[in-house]
Amino acid sequence: MEYVPSQTIVISHMAALRAIRVARRRYAYLPWRPLDTMEQQWALSSCVIGRQLADLDTLCRLGLWNHEDSSYRIDVLSSSKALKRTRPEFRCHIVSTPLPAGSILEMSPGIYVVAPAVVVAQYAQTHCFPEVLALIQELCGAFSLPEDHRAGVVWRASPENESQNYAKAESALHAKELQRKLKKLSALRGCSRAIPAARCALDDARSPGEAIMASLYHAPFARGGFAIKEMILNHQVDFSDDAQKAAGMPYAICDAYVTAARATLEYNGSYHEQPGARLHDDKRAAGLEAMGITTIVINREQLRRIEALESIARLLYQRAGMRYRNRTSGYGVKQIELLNGLRTAFGWPAC
């Protein structure tokens, strides 16, 4: 007979983001079951924080609690106004409107967590546009930051050794799917702030560096970006026979393929500075050139200089047969704010 707990705990807000990052780093995907509407109502109404609820050792094993950090609090969500506040380890929140099916996921019997789309909406309540965009790029991307990462805090992030700052994982969301879910979650306070960021997001970034680069070029002028709309991240280009002979490989994966310009933006982090990687990059660029696709490399230093990034944007517009016209008032300030906001959101130093 299946065990059905009389009380539940629904992890929410920043604690839910921590749980998502723990799962993506441990398992490379989210293994939790989505609840239907009735199950969600029961889980929320049964979330009452009393003295007998929630073994902290179990929460610690799930990555939701840190015994060494006395200041840490676990955010929980409930629909019951009887939610008690008798335990200092918990921070309690009340949701007054029903949530769409799939807004809550089951971690283990009696322990639930809000879904990534809900986390995005909650995160947007207290974070600025670049920070929300960075989070969405992470959740829609193929990487996950450490569970203790906090936006705006330069922690362990090191652009010189970037691969140590994140783990590979399957995407937890897709950008279009997130937009649809946020519209259904419109009763949540952060949705109106999250939706504009979701519209600027792209799927499949493989690293924070790629996410920063893609966000800058894809975001509209009004947000400080370069308004390149037709951009596909990690797009596979199958080589012709001549291109295969030039490259010595059957295909290439483009970091950010700009369709109209027949060009690919490639972010070269620390890995690409190794001799073997340089040789591979040269062969790959030769194959793409044989396909009529120009490779434009952006390195760590260029990702600090808005003038260099804008000159590349002008080149992409020219290749696409378009004029680069940024008529946004104060666009220079907005570009710097977006660049620095994205960098600090991923724990990189501001320019």
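Going by the structure above, here's the rest.
In short, a report on the structure. The model shown is predicted, which means the values in this text are computed figures rather than measured ones. (Residues numbered from 1 in each chain as written. Predicted model: local features only at pLDDT ≥ 70, side-chain atom pairs only at ≥ 80, totals over all residues. Heavy atoms only, no water.)

### Some words on the overall build of the protein
Phase 1 of the analysis: A tally of regular secondary structure across the protein gives twelve helices and twelve strands.
Phase 2 of the analysis: For the protein, with 351 residues in total, the buried portion stands at 54%.
Phase 3 of the analysis: Within the protein, residue pairs in contact and separated by at least 24 positions form 71% of the contacts whose partners lie at least 6 positions apart.
Phase 4 of the analysis: For the protein, the computed accessible surface area is about 16500 Å², with 50% contributed by carbon and sulfur atoms. (Helix = DSSP H or I, 4+ residues; strand = E, 2+ residues; numbered from the N terminus. Buried < 20%, exposed > 50% of the residue type's maximum accessible area, 1.4 Å probe, protein only. Contact = heavy atoms within 4.5 Å. Areas by Shrake-Rupley, 256 points an atom, 1.4 Å probe, with all protein chains shown as cover.)

### Looking at the pairing of strand E10 (residues 251–258)
Phase 1 of the analysis: The buried fraction of E10 amounts to six of the eight residues, a majority that puts the element mostly inside the structure.
Phase 2 of the analysis: Sheet topology places strand E9 (residues 231–238) next to E10; seven bridges connect them, and they run antiparallel. Bridged to Met231 within E10 is Val258.
Phase 3 of the analysis: If you look at the hairpin formed by E10 and strand E11 (residues 263–268), you'll find four residues sitting between the two strands, and Arg262 has a positive phi there, around 50°. (Pairing = 2+ DSSP bridges.)

### A few points about unusual backbone geometry
Phase 1 of the analysis: Phi is positive for Ala227, close to 55°, though the residue is something other than glycine.
Phase 2 of the analysis: A positive phi angle, close to 50°, is found at Asn234, a residue other than glycine.
Phase 3 of the analysis: By secondary structure assignment, the location of Asn234 is in strand E9.
Phase 4 of the analysis: With a relative accessible area of 18%, Asn234 lands in the buried category.

### Digging into the packing of helix H11 (residues 306–319) against helix H12 (residues 331–345)
Phase 1 of the analysis: Running from N to C, H11 and H12 point in directions that differ by 105°, and their axes come no closer than 11 Å. As judged from the angle between their axes, H11 and H12 are roughly perpendicular. Residues Ile306, Leu309 and Glu310 of H11 pack against Tyr331, Gln335, Ile336 and Leu339 of H12.
Phase 2 of the analysis: Per-class residue counts for the contact of H11 with H12 are five nonpolar, one polar and one charged. (Axes fitted to C-alpha atoms, helices over the stretch in contact; angles between N-to-C directions. Parallel < 35°, antiparallel > 145°, perpendicular 65-115°, else oblique. Nonpolar A, V, L, I, M, F, W, Y, C, P; charged D, E, K, R; others polar.)

### Remarks on the nonpolar core
Phase 1 of the analysis: In this structure, Tyr217, Met231, Leu265 and Leu316 are the most contacted members of the largest nonpolar core, which totals 103 residues.
Phase 2 of the analysis: Once residues within four sequence positions are removed from consideration, Met231 is found in contact with Leu202, Ala214, Tyr217, His218, Ala256, Tyr257, Val258 and Leu265. (Core = buried A, V, L, I, M, F, W, Y, C linked by side-chain atoms within 4.5 Å.)

### Examining the environment of Thr259
Phase 1 of the analysis: Structurally, the position occupied by Thr259 is in the loop between E10 and E11.
Phase 2 of the analysis: Expressed as a C-alpha distance, the spacing of Thr259 and Ile228, which sit 31 residues apart in the sequence, is 9.8 Å.
Phase 3 of the analysis: What Thr259 contacts, discounting residues up to four positions off in sequence, is Glu230 and Ile232.

### What to know about the pattern of salt bridges
Phase 1 of the analysis: On inspection of all chains with the given rule, the structure shows nine salt bridges.
Phase 2 of the analysis: For Lys181, the salt bridge identified is with Glu177, shortest N-O distance 2.8 Å. Residue Lys181 and its partner Glu177 are both found in helix H6 (residues 175–184); the two are separated by four residues, about one turn of the helix.
Phase 3 of the analysis: For Lys181, a relative accessible area of 31% puts it in the partly exposed group.
Phase 4 of the analysis: With relative accessibility at 22%, the residue Glu177 sits in the partly exposed group.
Phase 5 of the analysis: Beyond isolated ion pairs, a larger network of salt bridges with shared partners links Arg33, Glu39 and Glu106. (Salt bridge = Lys/Arg side-chain N within 4 Å of Asp/Glu carboxyl O.)

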